[in-house]
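# Structural features, examined
Each chain, letter by letter, is given below.
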Amino acid sequence: MLYLYRIYQCVIMLPLLLVATVITALIAIIGSMIGAGRWCGYWPEVVWARLWCVLAFVRVRVRGKHNISPSTSYVFVANHQSAYDIFSIYGYLGHSFRWMMKQELRKIPLVGLACEKSGQIYVDRSSPAAIRHTMERAEKLLRGGMSIVVFPEGARTWTGEMRSFKRGAFALATEFNLPVVPLTIDGAFSVMPRIARLPHWGTITLTIHEPILPPAGGYDLQLLMQQSRDAIASALPH
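Residues numbered from 1 in each chain as written. Predicted model: local features only at pLDDT ≥ 70, side-chain atom pairs only at ≥ 80, totals over all residues. Heavy atoms only, no water.

Attention now moves to the pairing of strand E6 (residues 180-186). With respect to burial, E6 is a largely interior element, six of its seven residues being buried. Pairing between strand E2 (residues 75-78) and E6: four bridges, direction parallel. From the neighbouring strand, Phe-76 faces E6, where its bridge partner is Val-181. Pairing geometry for E6 and strand E7 (residues 202-208), over four bridges, is antiparallel. By the bridge assignment for E7, Asp-186 is matched with Thr-205. (Buried < 20%, exposed > 50% of the residue type's maximum accessible area, 1.4 Å probe, protein only. Helix = DSSP H or I, 4+ residues; strand = E, 2+ residues; numbered from the N terminus. Pairing = 2+ DSSP bridges.)

Together, Leu-18, Val-22, Leu-26, Ile-30, Met-33, Ile-34 and Leu-110 make up an exposed nonpolar region whose accessible area comes to about 680 Å². Its place among the elements puts Met-33 in helix H1 (residues 2-33). (Patch = residues over 30% accessible without salt bridge, like charges linked within 9 Å, V, L, I, M, F, W, Y side chains within 5 Å. Areas by Shrake-Rupley, 256 points an atom, 1.4 Å probe, with all protein chains shown as cover. Salt bridge = Lys/Arg side-chain N within 4 Å of Asp/Glu carboxyl O.)

All right, on to the side chain of Thr-205 then. Mapped onto the elements of the fold, Thr-205 is located in strand E7. Judged by relative accessible area, which is 6%, Thr-205 ranks as buried. Side chain to side chain, Thr-205 and Arg-61 meet in a polar contact 2.9 Å long. Contacts of Thr-205, omitting those with residues within four sequence positions, involve Arg-61, Arg-63, Thr-184, Ile-185 and Asp-186. (Polar contact = N/O pair within 3.5 Å; in protein donor to acceptor, adjacent residues only side chain to side chain. Contact = heavy atoms within 4.5 Å.)

Turning next to the nonpolar core. Tyr-84, Ile-89, Leu-93 and Leu-183 are the most contacted members of the largest nonpolar core, which totals 41 residues. No other element matches the six residues that helix H3 (residues 43-55) contributes to this core. Aside from chain neighbours lying at most four places away, what touches Leu-183 is Phe-76, Val-77, Ala-78, Asn-79, Ile-89, Leu-93, Leu-206, Thr-207, Ile-208, His-209 and Ile-232. Membership of the second largest hydrophobic core comes to 26 residues, among which are Val-123, Phe-165, Leu-224 and Met-225. (Core = buried A, V, L, I, M, F, W, Y, C linked by side-chain atoms within 4.5 Å.)

Here H1 is 32 residues long and its end C-alpha atoms lie 43 Å apart, about the 46 Å a rise of 1.5 Å per residue gives. In the structure, H1 departs most strongly from a straight axis at Gln-9, where the bend amounts to approximately 45°. Once H1 ends, the next one or two residues include Gly-35, with phi positive near 95°. (Expected span 1.5 Å × (residues − 1). Bend = angle between axes of the 7 residues up to and from the residue.)

Scanning the model with the defined rule gives 19 aromatic pairs in all. Between Tyr-5 and Tyr-8, the aromatic rings sit 6.5 Å apart at their centres with planes inclined by 25°, giving stacked as the arrangement. Remark: Tyr-8 and Tyr-5 occur in helix H1; sequence separation between them is three residues, near one turn of the helix. Centroid distance Tyr-84 to Phe-87: 4.8 Å. Interplanar angle 85°. Geometry classified as edge-to-face. You can see Tyr-84 and its partner Phe-87 sitting in helix H4 (residues 84-92), three residues apart, about one turn around the helix. Ring pairs connect the aromatic residues Tyr-42, Trp-43, Trp-48, Trp-52, Tyr-84, Phe-87, Tyr-90, Phe-97, Trp-99 and Phe-151, which therefore count as one cluster. Geometry around Phe-165 places Arg-229 over its ring, the cationic atom sitting 5.0 Å from the centre. (Phe/Tyr/Trp six-rings, centres within 6.5 Å; stacked < 30°, edge-to-face > 60°. Lys NZ or Arg CZ within 6 Å of the ring centre and 35° of its normal.)

Our next topic: the sheet that holds strand E4 (residues 121-123). Reading across from one edge, E1-E7-E6-E2-E5-E3-E4 is the order of the seven strands in this open sheet, with mixed pairing throughout. Since the sheet does not close on itself, it has two edges, and those belong to strand E1 (58-63) and E4, each with one partner. When the angles between neighbouring strand axes are averaged without regard to direction, this sheet yields 25°. Where E1 and E7 come together, six bridges link them in parallel fashion. Note on E7: the bridge partner recorded for Arg-63 is Thr-207. (Axes fitted to C-alpha atoms, helices over the stretch in contact; angles between N-to-C directions.)

So yeah, pure geometry; function would need other evidence.
Written out as structure tokens, the structure reads:
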């Protein structure tokens, strides 16, 4: 069965996804150039992400959609198990957002340019000035009423266990007193661990937790990081 699945992936799934990726990237680039970046930076990518799941026979279950409002800006923070985390969140979160993503992804042909034009935020840690520029772009986005999604671990896990969190996303939430929404992704590591080149069919559960609202006196950064980590861990198998 697995042998037939791999043949299907190489002969049918991957060629279709390559075409879909090129079309989605072109829509994002052209749409952004003509002033439709807000729409073209999200909705075509939703379809693209769902294709990655449907064609790989990956089912995504979503829990807790009632916890978020489409009219509210959030800082979403999620654990990072797999490349399929991106497809799960993009395709099934149901809330318009932009990513904070690694600078290295800018090098991906066409896709890197599409992300840049559509307003995704590349995190550049090469110098203090570059870090300030990254934070300024994120602040401008949040002032415009958009939400952002961040993987505070910074990279995919090698083992399936959560790595330590970086503070950047939480510093933004503290600066703007925005609600932080933890997202738990469970099952993506089984679908496609970091060492795998092709996915395996399976089920991913995306849990949207209740927002952590800024207290009257403002966030305590360390407490916010711990509360977010605890919420994410609460929906993972022990």
